[in-house]
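Structural overview
The chain contents come next:
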There are 2 protein chains.
Amino acid sequence: MNNLTMPPADSDLAYVPFVNVQNMMRLIHHVGLEAALIGIAEAIEQDFRRWPAFDKTPRVASHSDVGVIELMPTSDGTLYGFKYVNGHPSNTRGGLQTVTAFGLLADVATGYPQLLSEMTILTALRTAAMSALAGRVLAPEGARVMAIIGNGAQCEFQALAFKAICGITDIRLFDIDPAATAKAAANLQGSGLRISTHDSAQAAVEGAGIITTCTADKQYATILTDNMVGAGVHLNAVGGDCPGKTELHRDILMRSKIFVEYPPQTRIEGEIQQLD
Amino acid sequence: MNNLTMPPADSDLAYVPFVNVQNMMRLIHHVGLEAALIGIAEAIEQDFRRWPAFDKTPRVASHSDVGVIELMPTSDGTLYGFKYVNGHPSNTRGGLQTVTAFGLLADVATGYPQLLSEMTILTALRTAAMSALAGRVLAPEGARVMAIIGNGAQCEFQALAFKAICGITDIRLFDIDPAATAKAAANLQGSGLRISTHDSAQAAVEGAGIITTCTADKQYATILTDNMVGAGVHLNAVGGDCPGKTELHRDILMRSKIFVEYPPQTRIEGEIQQLD
């Protein structure tokens, strides 16, 4: 069975560096969370500036009754990368996370993997950094107050990213689960943000120049209705990653300027699926 | 930064078992290579018998000038799996393998990864087992002689799988690189197969009831022309995994019964792309 000795089992090429959750946390703590968010936003902006260089394809989703598992590949001709990520809102009931993720970088010239990394933390940071980057470019100048509807783990990263990148000073929280709001408010103590908690979405959005929705509902939810959103407000609707997963009433979309990252994907999964 | 302590870094859930190349080789040596091929063929046959249970999608390919990187996801509603695999024929010039692969199994109910495994070896075994399974069902009864055109690493696995699963006793080798043929012939010594080497594809296919083509050319190669293939011969055209990667002259296809695994994929990548 000589033919089974062919793979270079002892070669350095057989080993791929792996960044686990603990090492990623150590790295982020070392850099500083807000500095990391700023750095990620800068990297994302650089990539948007060379958008045509990427081999883009809508993510490949496998849906089940309780969630979705997705692969997200891309390449710039030199590096190839993909992310594996799931979204299972009911996971929290069993003490599991809604989202877990890992990713791989590979060399396009050889197809050999070069780096494997946890991306649960990176997904949380990248989502918040992307939102704040869009906010920096699109939100009304001078906006200092942001409402966040949906106060799970992503809410805290959103708050810190908008503070670091957009100069937000006040966060107004609401979640249908008061315990989630209380936890987010407690975790954001000491962040330098003024935090207030509210009993309804309507109350939370009052006076906010930016409204962020980061819920995980798949049931064509309407987190915001038309009358709740004043003119000139910037809406940051996060996590449209499933057919049926929407947060905004269609009437809001009809009177808004809409910016999406990649229309072939967002038409299937994002808020604009309501505009078909 | 309380919010960065959320991932359960010390929980068992944060760890995913990984089967590396050395452990996979140890496992295969323990089971025995031919027994492993037979077992894999049985598992594949069971899955074909419940084909409608699978969530199927054409693999997601990222092509470059020198090769391809692909993701292959599927799910049966209970388990989700995907394979990462590259194909870079020029890699061998740099001492690298043409194909490397790894894969993941995940729980559909939670989206949590359950097993990460090397699949470089598994891909080689699965490809050969699938070929021999098809041969067992489709090849002329009593065929004992197989020609193999293309004598790279996959050639040896093909020879052993057709011996174990179809009762092939004689292997006739040809490759445009005589060194590849010599290496395959040497590695197959002691396998119990009668091995002969030949100077041309034409010479190799003489008297063969099964012809296996396993070259890695992307340039619309014509490994077999119409006159070389007699009536009733079973052709096992392996590894049509790129647009432009074909091995058979179109005239052969026109007079053959053609069996493919998954038409939406094979129409893009396989021999039948010539039939558009």
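Sequence positions are assigned chain by chain, starting from 1 and proceeding in written order. Just so you know, chain letters begin at A and ligand numbers begin at 1, following the order they were written in. Whole-chain, interface and lining totals are the exception, using all residues; otherwise, since this is a predicted model, local features are given only for residues with pLDDT of at least 70 and side-chain atom pairs are given and counted only at 80 or more. As a rule here, side-chain values cover all heavy atoms of the structure and leave hydrogens and water aside.

Things to note about the relation of the copies chain B and chain A
Here the second copy of the chain follows from the first by a rotation about an axis and a shift along it. Superposition of the copies used a least-squares fit over C-alpha atoms from residues whose pLDDT is at least 70 in both. Of the transformation placing chain B onto chain A, the axial shift is 0.0 Å and the rotation is 180°, giving an RMSD of 0.0 Å. In symmetry terms, the pair is related by a two-fold rotation axis. The share of interface residues of chain B whose copies in chain A are also at the interface is 100%, consistent with both copies meeting through the same surface. The contact criterion used is simple: two residues touch if any of their non-hydrogen atoms lie within 4.5 Å.

Notes on the interface of chain B and chain A
Between chain B and chain A, the contact holds 57 residues from the first and 57 residues from the second. Once two parts are brought into contact, the accessible area they lose, counted with a 1.4 Å probe and summed over both, makes up the buried area. Buried area between chain B and chain A, summed over both chains or domains, comes out near 4,900 Å², and the portion from carbon and sulfur atoms is 68%. By definition here, a salt bridge exists when the distance from a side-chain nitrogen of Lys or Arg to a carboxyl oxygen of Asp or Glu is within 4 Å. Linking chain B to chain A there are zero salt bridges. Polar contacts here mean pairs of N or O atoms no more than 3.5 Å apart (in protein, one a potential hydrogen donor and the other a potential acceptor; neighbouring residues in sequence count only if both atoms are side-chain atoms). Our enumeration of links across chain B and chain A arrives at 16 residue pairs in polar contact (both at pLDDT 80 or more). In this description a helix means any DSSP run of H or I spanning at least four residues, a strand means any run of E spanning at least two, and both kinds are numbered starting from the N terminus. Elements with a contribution of two residues or more to the side of chain B that touches chain A: α1 (21-31), β2 (60-63), β3 (68-75), β4 (79-87), β5 (101-107), β6 (113-118), α4 (153-166) and α5 (178-187) of chain B. With five residues, α1(B) is the largest single contributor of residues to the side of chain B that touches chain A. Along the lines of polarity and charge, the residues of the side of chain B that touches chain A split into 33 nonpolar, 19 polar and five charged. Residues are sorted three ways: Asp, Glu, Lys and Arg are charged, Ala, Val, Leu, Ile, Met, Phe, Trp, Tyr, Cys and Pro are nonpolar, and all the rest, Gly among them, are polar.

Describing the pattern of salt bridges
Residue and element names in this part refer to chain A. Applying the stated criterion to the full structure yields 18 salt bridges over all chains. The salt bridge involving aspartate 47 is made with arginine 50; its shortest N-O contact spans 3.0 Å. One network of salt bridges, with partners in common, ties together Glu45, Arg49 and Arg136.

With respect to the environment of Phe162(B)
All names here are of chain B. Relative to the helices and strands, phenylalanine 162 is located in helix α4. Note: C-alpha distance between phenylalanine 162 and methionine 130 (32 residues apart in sequence) is 10.0 Å. Once you skip the residues sitting within four places of it in the chain, phenylalanine 162 turns out to touch Ser131, Ala132, Gly135, Met146, Gly167, Ile168, Ile210, Thr212 and Asn236.

Here we look at the domain arrangement of chain A
A common way to state how big an interface is: give the accessible area lost once the parts meet. Residue and element names in this part refer to chain A. Delimitation of the domains relies on an automatic or database domain assignment. Its domain assignment divides chain A into domain 1 (14-121) and domain 2 (126-275). The gap between the C-alpha centroids of domain 1 and domain 2 is 22 Å. At the interface, 20 residues of domain 1 touch 24 residues of domain 2. Roughly 1,900 Å² of surface becomes buried between domain 1 and domain 2 when both sides are summed, with 66% attributable to carbon and sulfur atoms. Contact with domain 2 buries surface across domain 1, with Glu34, Leu37 and Arg59 losing the most and accounting together for 28% of the total. Counting the contacts that link domain 1 with domain 2 gives two salt bridges. In this structure, the salt-bridge partner of lysine 163 is glutamate 34, at a minimum N-O distance of 2.9 Å.

Comments concerning the side chain of Ser62(B)
Along the chain, Ser62(B) falls in strand β2. Relative accessible area decides the class of each residue, using a 1.4 Å probe on protein chains only: under 20% of the type maximum gives buried, over 50% gives exposed, and in between gives partly exposed. Residue classification places Ser62(B) among the buried positions, given a relative accessible area of 11%. Looking at Ser62(B), its side chain comes within polar contact range of the side chain of Asp55(A), at 2.9 Å. Residue contacts for Ser62(B): discarding those within four places in its chain leaves Asp55(A), Ser75(A), Tyr80(A), Gly67(B), Val68(B) and Ile69(B).

Some thoughts on helix α2 (residues 33-49) of chain A
All names here are of chain A. In this scheme, a helix's expected span is set at 1.5 Å multiplied by one less than its residue total. The first and last C-alpha atoms of α2 sit 24 Å apart over 17 residues, in line with the 24 Å expected at 1.5 Å per residue. Within the sequence span of α2, burial applies to Leu33, Ala36, Leu37, Ile40, Ala41, Ile44 and Glu45. Structurally, α2 contributes buried residues whose contacts are with α1 (21-31), α3 (120-138) and α4 (153-166).

Observations regarding the pairing of strand β8 (residues 170-174) of chain A
All names here are of chain A. By the criterion of burial, β8 is predominantly enclosed, with five of the five residues buried. Side chains Asp170, Arg172 and Phe174 of β8 all project onto a buried face; the interleaved residues Ile171 and Leu173 project onto the opposite face, where all are buried too. Here a strand pair is declared whenever DSSP counts at least two bridges between the two strands. Across five bridges, the pairing between strand β7 (residues 145-149) and β8 is parallel. Counterpart to methionine 146 in the pairing with β8 is isoleucine 171. By the criterion used throughout, a crossover qualifies as right-handed when its path from the first strand across the helix to the second strand runs clockwise, the strands pointing away from the viewer. Handedness of the β-α-β unit built from β7, α4 and β8 comes out right-handed. Judged from the four bridges that link them, β8 and strand β9 (residues 194-197) form a sheet pairing that is parallel. What sits directly across from aspartate 170, in β9, is arginine 194.

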